[in-house]
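Understanding the architecture of this molecule
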Amino acid sequence: MGALYYKMKLSRSVNCLELISHSPEQTQRLGVRIGELALPGDILLLVGALGTGKTCLTQGIAWGLGIEEYAFSPSFVIVREHHGRLPLYHIDLYRLDHIEEIVELGLDDYLYGNGVCVVEWAEKGLSVLPIEHLMIEISYLSDTERSFQLKPTGKRYLEILAQLKRLSLDSQKGLK
Ligand SMILES: Nc1ncnc2c1ncn2[C@@H]1O[C@H](COP(=O)(O)OP(=O)(O)OP(=O)(O)O)[C@@H](O)[C@H]1O
Ligand SMILES: [Mg+2]
């Protein structure tokens, strides 16, 4: 895996990390790192406008979990399940009309299960999604650049953030 040239901003809040990706491949590599660090029950909430890179990041997370088959083609399915080192529950709330559907569709079985949940368009369901999570806010900077702001809530997610910070510092020193 090639070097990651992220510009890292250790911002005012020590509990937040901003990474800039310069290509879809870099975004996938960030996903791979997250997938490699993931533990059962982890909740990753992706927030960002259309086409910012939520699915691209999820593809990397899947690879990091050892999931080889990859077919995140557009579909009307809200949850897709993939099996690697751990199950990956890829939830896309884009088509969700009412927040009650999260409960009606039985999404709690996934959200409080033993897999890793990645939720696209998480802002649509924030009030009923688990309070402890890693929020990843993606913003469009240019055709090829995206900002990833990682905001943890809860001890487990502070731990993931600390691990990712260490990895990012290593990659800046050319160690990774
Ligand atoms: N640095 C980057 N990181 C991620 N994607 C990028 C980057 N630069 C360009 N892109 C392009 O942006 C698009 C991201 O598409 P993707 O489907 O991942 O977005 P999304 O946020 O899941 O969209 P949607 O809201 O429709 O689900 C792809 O066409 C990808 O090639
Ligand atoms: Mg998507």
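Attention here is on the structure that accompanies the text. (Residues numbered from 1 in each chain as written. Chains lettered and ligands numbered in written order. Predicted model: local features only at pLDDT ≥ 70, side-chain atom pairs only at ≥ 80, totals over all residues. Heavy atoms only, no water.)

Take the site of ligand 1 next. Around ligand 1 lies a shell of 18 residues, among which Thr27, Lys54, Thr55, Cys56 and Thr144 are the nearest. A distance of 3.2 Å is found between a nitrogen atom of ligand 1 and a backbone nitrogen or oxygen belonging to serine 23. Glycine 51 places a main-chain nitrogen or oxygen 2.9 Å from an oxygen atom of ligand 1. Look at ligand 1: alone it shows 640 Å² of surface, and the protein chains cover 72% of it. Of all the elements in the fold, those that place two or more residues in the shell around ligand 1 are α1 (24-37) and α2 (54-64). It is α2 that contributes the most residues to the shell around ligand 1, 3 residues altogether. Counted by class, the shell around ligand 1 contains 5 nonpolar, 9 polar and 4 charged residues. (Near = heavy atom within 4 Å. Polar contact = N/O pair within 3.5 Å; in protein donor to acceptor, adjacent residues only side chain to side chain. Areas by Shrake-Rupley, 256 points an atom, 1.4 Å probe, with all protein chains shown as cover. Helix = DSSP H or I, 4+ residues; strand = E, 2+ residues; numbered from the N terminus. Nonpolar A, V, L, I, M, F, W, Y, C, P; charged D, E, K, R; others polar.)

In terms of burial, strand β3 (residues 43-47) is a largely internal element, 5 of the 5 residues being buried. Alternating positions in β3 separate into two faces, Ile43, Leu45 and Val47 on one and Leu44 and Leu46 on the other, with burial throughout. Examined bridge by bridge, β3 and strand β6 (residues 116-120) share 4 bridges and lie parallel to one another. The residue bridging isoleucine 43 from the neighbouring strand is cysteine 117, located in β6. (Buried < 20%, exposed > 50% of the residue type's maximum accessible area, 1.4 Å probe, protein only. Pairing = 2+ DSSP bridges.)

As defined by bridge partners, β3 adjoins strand β7 (residues 133-140) across 4 bridges and the pair is classed as parallel. Along β7, the bridge assignment pairs valine 47 with glutamate 137. The hairpin turn running from β7 into strand β8 (residues 146-153), its antiparallel successor, is 5 residues long.

Our focus in this paragraph is α2. Burial analysis of α2 places 9 of its 11 residues in the buried class, which makes it a mostly covered element. By the burial criterion, the buried members of α2 are Lys54, Cys56, Leu57, Thr58, Gln59, Gly60, Ile61, Ala62 and Gly64. Where the residues of α2 are buried, they touch α1, β3, β5 (87-92), β6, β7 and β8. (Contact = heavy atoms within 4.5 Å.)

A separate point is unusual backbone geometry. Notably, tryptophan 121 is not glycine yet its phi reads approximately 55°, a positive angle. As for its placement among the helices and strands, tryptophan 121 is situated in the loop between β6 and β7. Residue class for tryptophan 121 comes out buried when judged on its relative accessible area of 15%.

Per the stated rule, a full pass over the model turns up 3 salt bridges. Notably, a salt bridge pairs arginine 156 with aspartate 42, separated by 2.8 Å at the nearest N-O pair. Taken together, the residues arginine 156 in helix α5 (residues 155-172) and aspartate 42 in the loop between α1 and β3 connect sequence positions 114 residues apart. Aspartate 42 sits in the buried class, given a relative accessible area of 2%. Among the salt bridges present, the one from glutamate 159 reaches arginine 156, with a minimum N-O distance of 2.8 Å. (Salt bridge = Lys/Arg side-chain N within 4 Å of Asp/Glu carboxyl O.)

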